[in-house]
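Residues per chain, in single letters:
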Amino acid sequence: MGTQELELYKRFIDDLVEFRPGVLPRWIKGNGWPNTVENQKINKVLSELTAEQKEIVALIAQSARDGGIHDVLVYLTDQINLEGLEIVKNGIIMETEPFDSGMHYDWVCRREGDSWPNQNS
């Protein structure tokens, strides 16, 4: 595959890294959910938590979001490798495992701040 296909792959993964931070941890640590009747019970519980407890609950919420992104990437990797799925953008087929690792692994590495590996090494 060529440079466009590889760049499409990198952008796909990096976009998901940028998309990662969820609103729920911000709401948990901040002023709670939007003030609606449906959210009153949630906001009541959150108002009773200490700052440290809110940090822990926010971490749990972010971990759940991370798990969801990870699981979807595992699924997509399996579909690509086993079922012939292709991801196409503007007529360009996205590269498949350019670094000999699944999308979920590359996402975790990029999320943790790792650089993209040199494809030639």
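For clarity, every value in this text was computed on a predicted model and none was experimentally measured.

J.: For the overall build of the chain, give the residues involved together with the corresponding values.
T.: When helices and strands are tallied, the chain shows five helices and two strands. Against the 2.2 N^0.38 benchmark of 14 Å for 121 residues, the chain shows a C-alpha radius of gyration of 19 Å, more extended than a compact globule. Across its three principal axes, the chain shows a C-alpha extent of roughly 55 × 30 × 25 Å. Counting every position in the chain, which comprises 121 residues, the buried fraction comes to 31%. Accessible surface computed for the chain: about 8,200 Å², of which carbon and sulfur atoms make up 52%. Between the averaged position of the 12 positive side-chain charges in the chain and that of its 20 negative side-chain charges there is a distance of 11 Å.

J.: Give me the lowdown on the packing of helix α4 (residues 51-83) against helix α5 (residues 103-111), citing residues and values where you can.
T.: Where α4 contacts α5, the two axes come as close as 7 Å, and the packing angle between them is 145°. Along the contact surface, α4 presents D66, I69, H70, L73, V74, L76, T77 and I80, while α5 presents M103, H104, W107, V108 and R111. When its residues are assigned to classes, the contact of α4 with α5 shows eight nonpolar, three polar and two charged.

J.: Can you break down the side chain of K10 residue by residue, with the values?
T.: Tracing the backbone through its elements, the reader meets K10 in helix α1 (residues 3-19). Residue K10 is classed as buried on the basis of its relative accessible area of 17%.

J.: How would you summarise α1 if you had to cite specific residues and measurements?
T.: When the terminal C-alpha atoms of α1 are compared, their 24 Å separation across 17 residues agrees well with the 24 Å that a helix rising 1.5 Å per residue should span. Looking only at α1, the buried set comprises E5, L6, L8, Y9, K10, I13, D14 and L16. Turning to α1, the residues buried within the fold contact α4, β1 (88-89), β2 (92-93) and α5.

J.: Account for the pattern of salt bridges, naming residues and giving values.
T.: When their charged atoms lie close together, side chains carrying opposite charge are able to pair. Under the definition given, this model contains eight salt bridges. The partner of D15 in a salt bridge is R11, and the shortest N-O contact between them spans 2.6 Å. Of the two residues, D15 and R11 are both situated in helix α1; the distance of four residues between them amounts to about one turn of the helix. Note on R11: relative accessible area 37%, which makes it partly exposed. Residue K44 pairs with E48 through a salt bridge whose shortest N-O separation is 2.6 Å.

J.: I'd like to hear about the nonpolar core, residue by residue, with values.
T.: One finds Y9, I13, L73, M103 and W107 to be the most contacted residues of the largest nonpolar core, which totals 14 residues. Of all the secondary structure elements, the ones that give two or more residues to this core are α1, α4 and α5. The biggest single contributor to this core is α1, with five residues. With residues near it in sequence (within four places) discarded, L73 still touches F12, L16, M103, H104 and W107.

Rules used throughout
- Residues numbered from 1 in each chain as written.
- Predicted model: local features only at pLDDT ≥ 70, side-chain atom pairs only at ≥ 80, totals over all residues.
- Heavy atoms only, no water.
- Helix = DSSP H or I, 4+ residues; strand = E, 2+ residues; numbered from the N terminus.
- Rg over C-alpha atoms; globule rule 2.2 N^0.38 Å.
- Buried < 20%, exposed > 50% of the residue type's maximum accessible area, 1.4 Å probe, protein only.
- Areas by Shrake-Rupley, 256 points an atom, 1.4 Å probe, with all protein chains shown as cover.
- Lys, Arg positive; Asp, Glu negative; His and termini not counted.
- Charge placed at Lys NZ, Arg CZ, Asp CG, Glu CD.
- Axes fitted to C-alpha atoms, helices over the stretch in contact; angles between N-to-C directions.
- Contact = heavy atoms within 4.5 Å.
- Nonpolar A, V, L, I, M, F, W, Y, C, P; charged D, E, K, R; others polar.
- Expected span 1.5 Å × (residues − 1).
- Salt bridge = Lys/Arg side-chain N within 4 Å of Asp/Glu carboxyl O.
- Core = buried A, V, L, I, M, F, W, Y, C linked by side-chain atoms within 4.5 Å.

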